[in-house]
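What follows is the residue order along each chain.
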Amino acid sequence: MKQWRPVKTFDALFAELSERAATRPEGSGTVAALDAGVHAQGKKVIEEAGEVWIAAEYQSDEQLSEEISQLLYWVQVLMIGRGLKLEDVYRHL
Ligand SMILES: N=c1c2ncn([C@@H]3O[C@H](COP(=O)(O)OP(=O)(O)OP(=O)(O)O)[C@@H](O)[C@H]3O)c2ncn1[C@@H]1O[C@H](COP(=O)(O)O)[C@@H](O)[C@H]1O
């Protein structure tokens, strides 16, 4: 059974990843992802977007939700790598 944990929102994840970028803790996958650069980040965005599409066509709601969460993560990594803030995106919504 999955352990209960508080719900993490898009904004809370962005704050967490921004903090990782600023403090660069050892062992952080986000720090490694940022150091890998925009080309590698863009490839992950495309990969995860493809997995979202496949999950939407063929998989369960749970699997689709998980793929979407990974796409959101990689979009945030790419945003932080480029120095964008949430407001830069939100003003287009
Ligand atoms: N939400 C995420 C998250 N979603 C996706 N990912 C990464 O994206 C990858 C996508 O998984 P896949 O199954 O598609 O791929 P994989 O086979 O596991 O990995 P690859 O071989 O494809 O690289 C995962 O392996 C993670 O490296 C994430 N990595 C971290 N987080 C959260 O980000 C925060 C900071 O994490 P750290 O920087 O690692 O401390 C924490 O709250 C984490 O929970």
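Nothing here was measured: the structure is a model prediction, and the numbers come from that model.

What counts, and at which threshold
Residues numbered from 1 in each chain as written. Predicted model: local features only at pLDDT ≥ 70, side-chain atom pairs only at ≥ 80, totals over all residues. Heavy atoms only, no water. Helix = DSSP H or I, 4+ residues; strand = E, 2+ residues; numbered from the N terminus. Expected span 1.5 Å × (residues − 1). Buried < 20%, exposed > 50% of the residue type's maximum accessible area, 1.4 Å probe, protein only. Contact = heavy atoms within 4.5 Å. Salt bridge = Lys/Arg side-chain N within 4 Å of Asp/Glu carboxyl O. Near = heavy atom within 4 Å. Polar contact = N/O pair within 3.5 Å; in protein donor to acceptor, adjacent residues only side chain to side chain. Areas by Shrake-Rupley, 256 points an atom, 1.4 Å probe, with all protein chains shown as cover. Axes fitted to C-alpha atoms, helices over the stretch in contact; angles between N-to-C directions. Parallel < 35°, antiparallel > 145°, perpendicular 65-115°, else oblique. Left-handed = near helix turned anticlockwise from the far one by under 90°. Nonpolar A, V, L, I, M, F, W, Y, C, P; charged D, E, K, R; others polar. pLDDT = per-residue confidence, 0-100.

**Thoughts on helix H3 (residues 61-82)**
Then, number 1: Here H3 contains 22 residues, and its C-alpha end-to-end distance of 32 Å stays within 8% of the 32 Å for a straight helix at 1.5 Å per residue.
Then, number 2: For H3, the full list of buried residues reads Glu67, Leu71, Tyr73, Trp74, Gln76, Val77, Met79 and Ile80.
Then, number 3: In the core, the buried residues of H3 are packed alongside helix H1 (10-23), helix H2 (29-58) and helix H4 (86-90).
Then, number 4: At the C-terminal side of H3, Gly83 shows a positive phi close to 80 degrees.

**Examining the pattern of salt bridges**
Then, number 1: Applying the stated rule across the entire model yields six salt bridges.
Then, number 2: Across the pair Arg24 and Asp35 runs a salt bridge, and its minimum N-O distance is 2.8 Å. Here Asp35 lies in helix H2 and Arg24 lies in the loop between H1 and H2, a separation of 11 residues in the sequence.
Then, number 3: What makes Arg24 partly exposed here is its relative accessible area of 46%.

**Let's talk about the environment of Ala49**
Then, number 1: Examined against the element boundaries, Ala49 turns out to sit in helix H2.
Then, number 2: Along the backbone, Ala49 and Leu13 are 36 residues apart, and their C-alpha atoms lie at a distance of 19 Å.

**Side note on the site of the ligand**
Then, number 1: Around the ligand, the surrounding shell holds 15 residues, and the nearest of these are Lys8, Glu16, Ser28, Thr30 and Trp74.
Then, number 2: Within the side chain of Thr30, a nitrogen or oxygen atom sits 2.6 Å from an oxygen atom of the ligand.
Then, number 3: Between an oxygen atom of the ligand and a side-chain N or O atom of Lys44, the distance comes to 2.9 Å.
Then, number 4: Relative to its unbound accessible surface of 820 Å², the ligand loses 51% to contact with the protein.
Then, number 5: The element contributing the most residues to the shell around the ligand is H2, with six residues.

**Points about the packing of H1 against H3**
Two packed helices can be described by the angle between their axes and the distance between those axes.
Then, number 1: Between H1 and H3, whose axes approach to 10 Å, the crossing angle comes to 45 degrees. Comparing the axis directions of H1 and H3 gives the class oblique. Handedness of the H1/H3 crossing: right-handed. Contact residues: Phe10, Leu13, Phe14, Leu17, Ser18 and Ala21 in H1; Leu72, Tyr73, Gln76, Val77, Met79 and Ile80 in H3.
Then, number 2: Taken together, the residues of the contact of H1 with H3 sort by class into 10 nonpolar, two polar and no charged.

**Considerations on the confidence of the model for the protein chain**
In low-pLDDT regions, the fine details of the predicted coordinates are not to be read closely.
Then, number 1: Scored by pLDDT, the protein chain comes out at a mean of 96, with 98% of its residues at no less than 70.
Then, number 2: Quick note on the complex model: pTM equals 0.92, ipTM equals 0.88.

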